[in-house]
Amino acid sequence: MYFEKDASLHDIQDEVVAVVGYGIQGKAFAANLRDSGVTVVVGNRDDDYRAAAVADGFDTRPIAEAVAAASTVLLLIPDEAHQEVYGTQIAPGLRAGDLFVLAHGFSLRYRRIALPQDIDVALLAPKMFGKPIRQRYTEGSGVLAFLDVVEDRTGRALRRTLGLAKAVGFTRYGVLPVSLATETELDLFQEQFLTPLLLDAFRTAFEVLVEAGCDPVPALLDMHASGEMAEMMVEAATTGLYEVIEEQGSPTCRFGVQKYLGTLLGPEVRDKGAQILAGIRNGDFVAELSREAQAGYPSLADYEAAYKAAAMTRTHDAYRAILGRP
Ligand code: NDP
């Protein structure tokens, strides 16, 4: 793992860094890089996000111009847009020796973009969304990131990428070397297996209670909306999932947990996880995603309709009304 002592801002101080995209990640990266003394130019098409970058005082240009002005390019737009934007606005501006950095491995893992042979290429993938990246940086700490040097044409790709990682605050927490293929698979597996499993677990718990006559709002609060579960997960991130129950739970809680632990998910759930991972690895998922995208993401409308109609969502709306929040 790389920490502060392993990285130097000197390795990027002569670079101009193009931050392409000013959304969840781009805004945080750009602000942290600037505050670390790095020269930043934001690349964005003429849209709302461009206005935000201008308002925040950045040298903001069309994407192709930002890339042409830079020696390091950070691609921070949604993965679905990489192929088209890379081909039309980034590839023409890349020069020998430039460093091209992605925050997620998807486009390279599935060969959606083909990079030139004479540039450095790296993955610098934050394991966090944008707001904490910025907030922790201003507080003097940072968040975890994965790093992979995919191509090293200059002999300095690792040092340059670590310099960037330091400037964004990642080395304050730690930067773990993880291959681009693994990072992509982990990210997709978390989205496709763990996240639906957790959402369904909360929903099932809520529905069992309400069907048995419990008041929906207190049921929602006790299952997750009080934030207690979320705090436990934050604690568990460093302490450990089992250890946090050991440390924070009363004997009654610990007895109840151990009584049912390992009994609620049948072997079919594990088999399903293995199937999902296989589909991510063999390209089936990405082929399905392409068909979905070409059809205009019809499944997303189904998802929205289903969660909006769910009793748990309606209860959350009622709870927000009690709190007086929109
Ligand atoms: P966002 O959805 O927040 O990106 C929005 C930005 O992308 C805006 O500047 C928007 O500008 C621009 N954009 C969107 N579509 C296009 C397009 N077709 N052409 C040009 N610009 C476009 O993305 P994220 O910050 O969430 O993700 C960026 C990268 O970071 C991705 O690779 C993602 O996988 C990775 N990542 C994201 C994490 C997260 O927490 N969100 C965590 C770790 C990695 P406008 O619409 O104004 O043109």
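Everything below is about the structure printed above this text.
Cut-off values and rules
- Residues numbered from 1 in each chain as written.
- Predicted model: local features only at pLDDT ≥ 70, side-chain atom pairs only at ≥ 80, totals over all residues.
- Heavy atoms only, no water.
- Patch = residues over 30% accessible without salt bridge, like charges linked within 9 Å, V, L, I, M, F, W, Y side chains within 5 Å.
- Areas by Shrake-Rupley, 256 points an atom, 1.4 Å probe, with all protein chains shown as cover.
- Salt bridge = Lys/Arg side-chain N within 4 Å of Asp/Glu carboxyl O.
- Lys, Arg positive; Asp, Glu negative; His and termini not counted.
- Charge placed at Lys NZ, Arg CZ, Asp CG, Glu CD.
- Helix = DSSP H or I, 4+ residues; strand = E, 2+ residues; numbered from the N terminus.
- Pairing = 2+ DSSP bridges.
- Axes fitted to C-alpha atoms, helices over the stretch in contact; angles between N-to-C directions.
- Near = heavy atom within 4 Å.
- Polar contact = N/O pair within 3.5 Å; in protein donor to acceptor, adjacent residues only side chain to side chain.
- Nonpolar A, V, L, I, M, F, W, Y, C, P; charged D, E, K, R; others polar.
- Buried < 20%, exposed > 50% of the residue type's maximum accessible area, 1.4 Å probe, protein only.
- Core = buried A, V, L, I, M, F, W, Y, C linked by side-chain atoms within 4.5 Å.
- Contact = heavy atoms within 4.5 Å.
- Left-handed = near helix turned anticlockwise from the far one by under 90°.

Chemist: Outline a negative patch on the surface, supporting the account with residue identities and numerical values.
Modeler: A surface patch of negative charge is lined by E231, E235, E243, E246 and E247. Among the secondary structure elements, those contributing two or more residues to the negative patch are α11 (228-239) and α12 (241-248). When residues of the negative patch are assigned to their parent elements, the largest contribution, three residues, is made by α12. Along the chain, E246 falls in helix α12.

Chemist: Can you explain the sheet that holds strand β7 (residues 145-151)? Please cite residues and give values.
Modeler: The mixed open sheet is built from eight strands, whose spatial order is β3-β2-β1-β4-β5-β6-β7-β8. Two strands bound the open sheet, and with one partner strand each, they are β3 (59-61) and β8 (175-177). Between one strand axis and the next, the sheet turns by 25° as a mean value, whatever way the strands run. One ladder, built from four bridges, connects strand β1 (residues 16-20) with strand β4 (residues 72-75); its direction is parallel. Considered in β4, the bridge of V20 is made with L75.

Chemist: I'd love a proper account of the site of the ligand, names of residues and values included.
Modeler: Y22, N44, R45, D47 and D79 are the nearest of the 22 residues found near the ligand. I24 is positioned such that a nitrogen or oxygen atom in its backbone is 2.8 Å from an oxygen atom of the ligand. With respect to the ligand, the side chain of N44 contributes an N or O atom lying 2.6 Å from an oxygen atom. In isolation the ligand offers 880 Å² of accessible surface; the protein chains occlude 81% of this area. Residue assignment for the shell around the ligand shows that the elements contributing at least two residues are α1 (24-35) and α4 (79-90). Its residues assigned to classes, the shell around the ligand shows 13 nonpolar, six polar and three charged.

Chemist: I'd like a rundown of the pattern of salt bridges, residues and numbers included.
Modeler: All told, the structure shown has 17 salt bridges when counted by the stated rule. Put simply, D35 and R134 hold a salt bridge, and the shortest N to O gap is 2.8 Å. Of this pair, D35 sits in helix α1 while R134 sits in helix α6 (residues 130-139), and the two are 99 residues apart along the sequence. For D35, a relative accessible area of 45% gives the class partly exposed. The closest approach of N and O atoms between D59 and R61, which form a salt bridge, is 2.7 Å. Sharing partners across several salt bridges, the network here consists of E15, D120 and R160.

Chemist: Break down the nonpolar core for me, citing the residues and quoting the values.
Modeler: Membership of the largest hydrophobic core comes to 32 residues, with the highest contact counts inside it found for V19, L33, L74, L124, L164 and F170. Among the secondary structure elements, those contributing two or more residues to this core are β1, α1, β2 (39-43), β5 (99-102), β6 (120-126), β7 and α7 (157-168). Among the elements that take part in this core, α7 stands out by supplying five residues, more than any other. Dropping the residues within four chain positions of it, L164 is found in contact with I12, V17, L33, T72, L74, L99, V101 and L124. Among the nonpolar cores identified, the runner-up in size contains 25 residues, and A18, A66, A70 and Y86 belong to it.

Chemist: Give me the packing of α11 against α12: which residues, what numbers.
Modeler: Closest axis-to-axis distance for the α11/α12 pair is 7 Å, and the angle between their directions is 115°. Crossing geometry of α11 relative to α12 is assigned as right-handed. Together, M232, M233, E235, A236 and T239 of α11 and L241, E243, V244, I245, E247 and Q248 of α12 make up the contact between the two elements. Here the residues of the contact of α11 with α12 are counted per class, giving six nonpolar, two polar and three charged.

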